[in-house]
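Summary of the model geometry
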Amino acid sequence: MIKISPSILSCDYSRMGEEFENMKKCGADWLHIDVMDGHFVPNITLGAPIVKCMRKCSDLIFDVHLMISDPKKYIPDFVKAGADVITFHIESDSPVDETLDLIKESGCVPALSVKPGTPVEEVFPYLDKVGMVLVMTVEPGFGGQSFMADMMPKVEKLRAEITKRGLDIDIQVDGGVSLKTVEQCAKAGANVLVAGSAVFGADDPKEAISGLRALAAKYF
Ligand code: DX5
Ligand code: ZN
């Protein structure tokens, strides 16, 4: 199933409540929340206390993307704050198996992400434990960067492996996803589409979300 997950990195945080409400009205399935620690990536965003406040503003699925060095340490905080899907990077310092188990035991959906330079095969040993894999289509850290089309073979390889093993796993792409690039993502096998600037920067976010969904739906 196609899911559109607007990245709130591009929203107006001074009007968070309105922005989230509007995303729901515009047809968003999830809200993508980027957590950066200024260490794993060269940017700092927000932590669990803010996610807890966000939870009061929205009942959409919270898709929390942890770009932090030690995700395992902070999983309980994000669970308590109201996360639904929790993604961390395979390149982080936390033990992958233990962190996936902790997320699952907490009742959230565990997901693993790969940066552009990491071969997607590195997630294959963990496929039995994840509900989603995020293939980054930009270097993590900032919104508004250009889409890396050369990540599509990674999405294709991953989709082929998931199908071969008869698993039911979402593939998410994040970074530079727009009306211009979404088709290549879906064609390669991605069904969860994160879009920051393409949604929040659009004149009509509702049209942007339905446009993304319609273009992706051609392949699912
Ligand atoms: C980048 C973040 C993305 C970012 C995407 O590190 O993980 O979620 O907000 O923004 P756009 O869609 O503008 O590239
Ligand atoms: Zn993200």
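These remarks concern the structure in this document.

Within the chain one finds 8 helices and 8 strands. Over its C-alpha atoms the chain spans a radius of gyration of 16 Å, differing by no more than 12% from the 17 Å that the globule rule assigns to 220 residues. The burial tally for the chain puts 54% of its 220 residues in the buried class. Across the chain, the fraction of contacts at a sequence separation of at least 24, relative to all contacts at a separation of at least 6, is 65%. By element, 52% of the accessible surface of the chain is carried by carbon and sulfur atoms, the whole surface being about 9500 Å². Seen as two clouds, the 23 positive and the 32 negative side-chain charges of the chain have centres 3 Å apart.

Taken as a whole, this structure holds 0 disulfides when the rule is applied. Free cysteine C53: the closest other cysteine sulfur is in C57, separated by 7.5 Å. In this structure C108 is not part of a disulfide, and its nearest cysteine sulfur, from C53, lies 18 Å away.

Protein-derived ligands of the zinc ion (ligand 2) are H32 (NE2), D34 (OD), H65 (ND1) and D174 (OD), with the metal-ligand distances lying across 2.1 to 2.3 Å. Metal-centred angles of 71 to 171° between the 6 donor atoms at the zinc ion (ligand 2) mark the site as octahedral. One chain supplies every donor for the zinc ion (ligand 2), spaced along it as H-x1-D-x30-H-x108-D. Placement of the pair is H32 in strand β2 (residues 30–36) and H65 in strand β3 (residues 61–67), with a sequence separation of 33 residues. For the pair shown, H32 and H65 are each scored as buried.

Rules behind the numbers
Residues numbered from 1 in each chain as written. Chains lettered and ligands numbered in written order. Predicted model: local features only at pLDDT ≥ 70, side-chain atom pairs only at ≥ 80, totals over all residues. Heavy atoms only, no water. Helix = DSSP H or I, 4+ residues; strand = E, 2+ residues; numbered from the N terminus. Rg over C-alpha atoms; globule rule 2.2 N^0.38 Å. Buried < 20%, exposed > 50% of the residue type's maximum accessible area, 1.4 Å probe, protein only. Contact = heavy atoms within 4.5 Å. Areas by Shrake-Rupley, 256 points an atom, 1.4 Å probe, with all protein chains shown as cover. Lys, Arg positive; Asp, Glu negative; His and termini not counted. Charge placed at Lys NZ, Arg CZ, Asp CG, Glu CD. Disulfide = S-S within 2.5 Å. Donors = N, O, S within 2.8 Å, 3.2 Å for Na, K, Ca; no water. Tetrahedral: all angles 85-135°; square planar, octahedral: opposite > 155°, others 65-115°.

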